[in-house]
Amino acid sequence: MVTAGVDVGAITAKAAIIRFHHSRNSTLTNDTPDVRPQLLATAVIQAGYNRSQAARQVLDHALAQAGVNREEVVRLVGTGYGRVQVPGADRTVTEITCHARGAYYLCPDVHTVIDIGGQDSKGISVGKGGKVLDFVMNDKCAAGTGRFLEVMAHALEVDLTDFGTMALSAPGRAKISSTCTVFAESEVVTHVAKGVPKDEIIAGIHEAIAARVTTMVSRIAIREAVVLTGGVARNAGIAQMLEEKLGHPLIVPMYAQLAGAIGAALIAGETAWR
Amino acid sequence: MATDDFDIATTGHSGPRIGFLTAYVPEELFHAAGFTPVFIFPAPGDQGYARAHLPSFVCWVVTSALNQALSGQLDHLAGIAIAKTCDATQGLADVWPQCVPHIPLFHFGMPLRLESPAARIYLTTELKSLRQRLEALIGYAITDDDLRASLSHYDQHRLWMHRLYAEAAHLSPSDLYRWVQAANRMAKPTHSARVQAFLVRRESAGGGPAADAPRIILVGPVLGDAVLFEALAEAGACVVGDMFDLGEDYLAADTNAHQPLDEESDPWDALAARLLARLPTPTKYHPRRSRADHLLKRVAERAAEGVIFARQKFCEPHGFDYAALSRTLKQAHIPYLLIELEQASQAGQLRTRIEAFVELLAERRQQSDEV
Amino acid sequence: MGRYYLQRKVMARLKPLAYVTSGAPVEILEAMGVLTLYPENYGALCGARGASVPLCEVAEAAGYPADLCSYARSHIGAVLEPTQAPLNGMPRPDLLVCCSNICGTVLKWYETLADHYDVPLFILDTPFQRTTPPETHIVDYVADQMHEFVAWLETHTGRSLHPDRLRAVLTYSQEAIGLWQEILEMGQRHPSPINAPDLFIAMAPIVALRGTRKAVDCYRRLKAELEERVTQGIGAVPHERHRLLWDNIAIWYRLYRFFRPFMDAGACFVADTYTHAWTMSLNADDPFVGMARAYTGVFINIGLPDRLAIIADLARRFAVDGVVMHANRSCKPFSITQSEVRNWLHYEQELELPVMILEADMCDVRLYNEGAIQERVAAFLEML
């Protein structure tokens, strides 16, 4: 059986295709290795303004990679900010439930998921089988999200892709105390005017995000293994500083950005049997 | 549901209205004076008017009330009543005469301590003071009989609301709270009649949330956002009770706890008793009435699976209440969710959190079924 | 201040210790030999030492929303994680005394503490004073509660209140308040020997040691020192050119840094509403009614017209040319009427004062936009 998950976020759209290898009668869990669902393909594209089009496109990309036709997909689950705009979705499930399941697939020891997306960030307490036990979200404010990094990269005229490495190689970190992106940007401008080296400012920015996210996640119980998901997970600077602030090792799976889509495809398979 | 159930224009009551903004306003007294007390619900709209008079760190309920007053939307009110509860409404009461001189303000100094005998004495005098100020406005006396009649209407209304809340699990959350909001915006006798008629119709109807809908209790100040109830309905949950300041404990409180009313009883005493007898809102204090215990009890009695705190941003009393009550729920392993409402409550964000919470509850129940 | 807390820690082994709100009738406690400590004062200390934010984060992680009063968040953070707090936190209380005259937050804060420490809590309810003089039933209610308070203390401490002792303590209070008032009045001098930031430091005894001999001695010395300055014509700000009024609680983490540009421009804060809030009159002949009136009529528990009268009086008597109002996110009672006060001061025929409202917070530096505030201060100074 083949299922698909499409995660339409504010900035990117993601898709994952999964094949389930088992008969109708066996139980579906991660714990039995020979029935572990197989991740066939994934895809990521910019979401743009037309969410349903983006959903269609990213699904097509993933299907092409997997060598699977749309008709072969038994069930499709939509998730993310734009989940109601995923054409042909059999069901929509929130990205909280999907990230938890996806992180569990990528790392079966997971007990805490930290997801830093373009527009929001979440902390999820995960239980047996990738079920959500508790969650906390910051979706009102850009500080602590990918948007914060974008705004800062723009203010400093630095490429976002270099941001993480510059943060890690800085000898010191400038202090940024505001919780608000707008205030923080003005703090950055002040640092630049004072001649503080760019890499130190960037390090300070990364530290500020790590601090905000840690404060938010501290509202739920943090238990290892702690897994980082979402687009910002690719930024090594964030991952390292977050680890520092949390006081726990952080696992950043290769498919971190796809956790939501993977979780959606898994849930599609699980619920097909009910 | 008949659409004119909630239509205030068809209440048949053409008398003057008094707006109120807090619990502990002695509604029965205003009713006895010939007014219909109506709660001033927050309304959408640019807060520009109010921002010229209030700082940004005041909740939307207070800001919106001033905004509505300054943009002429409250001109149909004969006055407004604010009881001493939180700092924000007290601040509004303080600036109101300066900003909105054409709508008289009635400040009612409800005591903070609900258990103290000295507070009872003070409350009785404060009620008399309010009576005098009201009589000065209307130009005639409010008799004991008038007050007795109003108390009786309100007691009756509580019985009907009690019956409505008993049906909560079978009503869509949007519908339940349309009724609860309507209770706070029209004359109680009218509302009682409509609730009664509705309950009779409902027996034959059916519908409502699925039998396995996750059961939720809501806690918070006012019944602001309709989006909250819609999101709950869409997510397939049902609300089995609440601890809103103007919700179940305000409208459907057990009347056996109060002094029964007859021709002999002192209605002023009875009114004071009713004000003091309720579960304290977070702005009041009673050493033996714990909101945490009350919540746990309600969760158990209604077989609720989760609690949603719908707090207004900048609401200090409910902020502390959330910290204390959520700690109690955590110890009892009862899932809870915090929603913070503000002027521009993003519907999408609200829906995501509520859906995720309902998904969590559904999975939790599935897990315990499997075990 | 460190010594004050250390002394309390030691003495708490011998005497009962009560946490009290800043507007509580501390004279009764002092007269009964009960030690007092002020969590609000501790909150201010945390702010001044730059220690508030980590403690606020502890409270926030425990479920206290970030928009609550920062004194409460700082203190609760210190209670939950004393090792991260200045002076390793405050010593455990035996009793909690909460008077509602300053705000509604203290009720919730003290309920939290009562729950955490599992100790008795007394709430003194001071209804809002709509009119001045206050309505009789309000004074009666508060006076009744004062008596109730004494009985409660006697039960929980095993100590009794001797009327002579109370009279003596009230006399000390009156004296300290009188001295404090005289000190504040010196701001009327040209140049003023006092500047608000200095007074924010000097106010600790009138808040936390009222009713003691120590407070009296302290203010006698300070008064003498200031009189000396007056004699020599020394102003707190060299080349005093502008005389300003400050409204609301101090910005504790910027006590001098904030006022520097003002000082450099020759602007002195000759009067403020925060330090003037401790100039109540305690009628020692009729102690309970006297205390009831004094504690009900504090600055933030009276109606707007009465507050305007006080502010207008300060502005006139101290010959003020401008007003700076701190819109303190943590304190609604102090901040909520500021726009109305500003409009009145600005448009009032006689006064027509330039008024600047700055949104910030007393302890939470995360809410302080350094760049924007510097800009506005500069513009305001140019305007004067």
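Shown above is the structure to which this text applies.
Residues numbered from 1 in each chain as written. Chains lettered and ligands numbered in written order. Predicted model: local features only at pLDDT ≥ 70, side-chain atom pairs only at ≥ 80, totals over all residues. Heavy atoms only, no water.

**Student:** So what about the interface of chain A and chain C? Which residues, and what values?
**Tutor:** Often, the extent of an interface is quoted as the loss of accessible area on bringing the components together. If you look at the interface, chain A gives nine residues, while chain C gives five residues. Surface buried jointly by chain A and chain C totals about 710 Å² across both partners, of which 52% is contributed by carbon and sulfur atoms. Scanning the region where chain A abuts chain C turns up zero salt bridges. Connecting chain A to chain C are zero residue pairs in polar contact (both at pLDDT 80 or more). Those elements that provide at least two residues to the side of chain A that touches chain C are helix 5 (181–193) and helix 6 (198–217) of chain A. Of the residues in the side of chain A that touches chain C, the class split is one nonpolar, six polar and two charged. (Contact = heavy atoms within 4.5 Å. Buried area = accessible area lost by both parts, 1.4 Å probe. Salt bridge = Lys/Arg side-chain N within 4 Å of Asp/Glu carboxyl O. Polar contact = N/O pair within 3.5 Å; in protein donor to acceptor, adjacent residues only side chain to side chain. Helix = DSSP H or I, 4+ residues; strand = E, 2+ residues; numbered from the N terminus. Nonpolar A, V, L, I, M, F, W, Y, C, P; charged D, E, K, R; others polar.)

**Student:** Describe the sheet that holds strand 5 (residues 215–220) of chain B, and please don't skip the residues or the numbers.
**Tutor:** All names here are of chain B. The four strands lie next to each other as 6-5-7-8, forming an open sheet whose pairing is parallel. Two strands close off the open sheet at either side, each with one partner strand: strand 6 (238–244) and strand 8 (336–341). Ignoring strand direction, the axes of neighbouring strands in this sheet form an average angle of 20°. Running at roughly 170° to strand 5, helix 9 (residues 226–234) makes contact with strand 5, strand 6 and strand 7 (306–312) of the sheet. (Pairing = 2+ DSSP bridges. Axes fitted to C-alpha atoms, helices over the stretch in contact; angles between N-to-C directions.)

**Student:** Before we move on, can you summarise the nonpolar core with the specific residues and values?
**Tutor:** Of all hydrophobic cores here, the largest spans 270 residues; its most connected members are C:W252 and C:F262. In terms of residue count, the dominant contributor to this core is helix 7 (residues 136–157) of chain C (10 residues). When neighbours within four sequence positions are excluded, C:W252 is seen to be in contact with C:A44, C:G47, C:A48, C:Y71, C:F200, C:Y274, C:M362 and C:C363. Core analysis: the next-biggest nonpolar cluster, separate from the first, contains 39 residues, A:I114, A:I201, A:V213 and A:L250 among them. (Core = buried A, V, L, I, M, F, W, Y, C linked by side-chain atoms within 4.5 Å. Buried < 20%, exposed > 50% of the residue type's maximum accessible area, 1.4 Å probe, protein only.)

**Student:** Any chance you could break down the interface of chain C and chain B for me, citing the residues and the numbers?
**Tutor:** The interface of chain C with chain B comprises 51 residues on the first partner and 46 residues on the second. The junction of chain C with chain B conceals about 4,000 Å² of combined surface from both sides, 58% of it contributed by carbon and sulfur atoms. Contact with chain B buries surface across chain C, with C:K108, C:K332 and C:I336 losing the most and accounting together for 17% of the total. Along the contact surface separating chain C from chain B lie five salt bridges. Linking C:R130 and B:E126 is a salt bridge whose minimum nitrogen-to-oxygen distance equals 2.8 Å. Linking chain C with chain B are 18 residue pairs in polar contact (both at pLDDT 80 or more). Taken together, the elements giving at least two residues each to the side of chain C that touches chain B come down to helix 5 (70–80), helix 6 (105–117), strand 4 (121–124), helix 7, helix 14 (304–317), strand 7 (322–328), helix 15 (332–335) and helix 16 (338–347) of chain C. Looking at the side of chain C that touches chain B, the element that brings in the most residues is helix 6 of chain C, giving seven residues.

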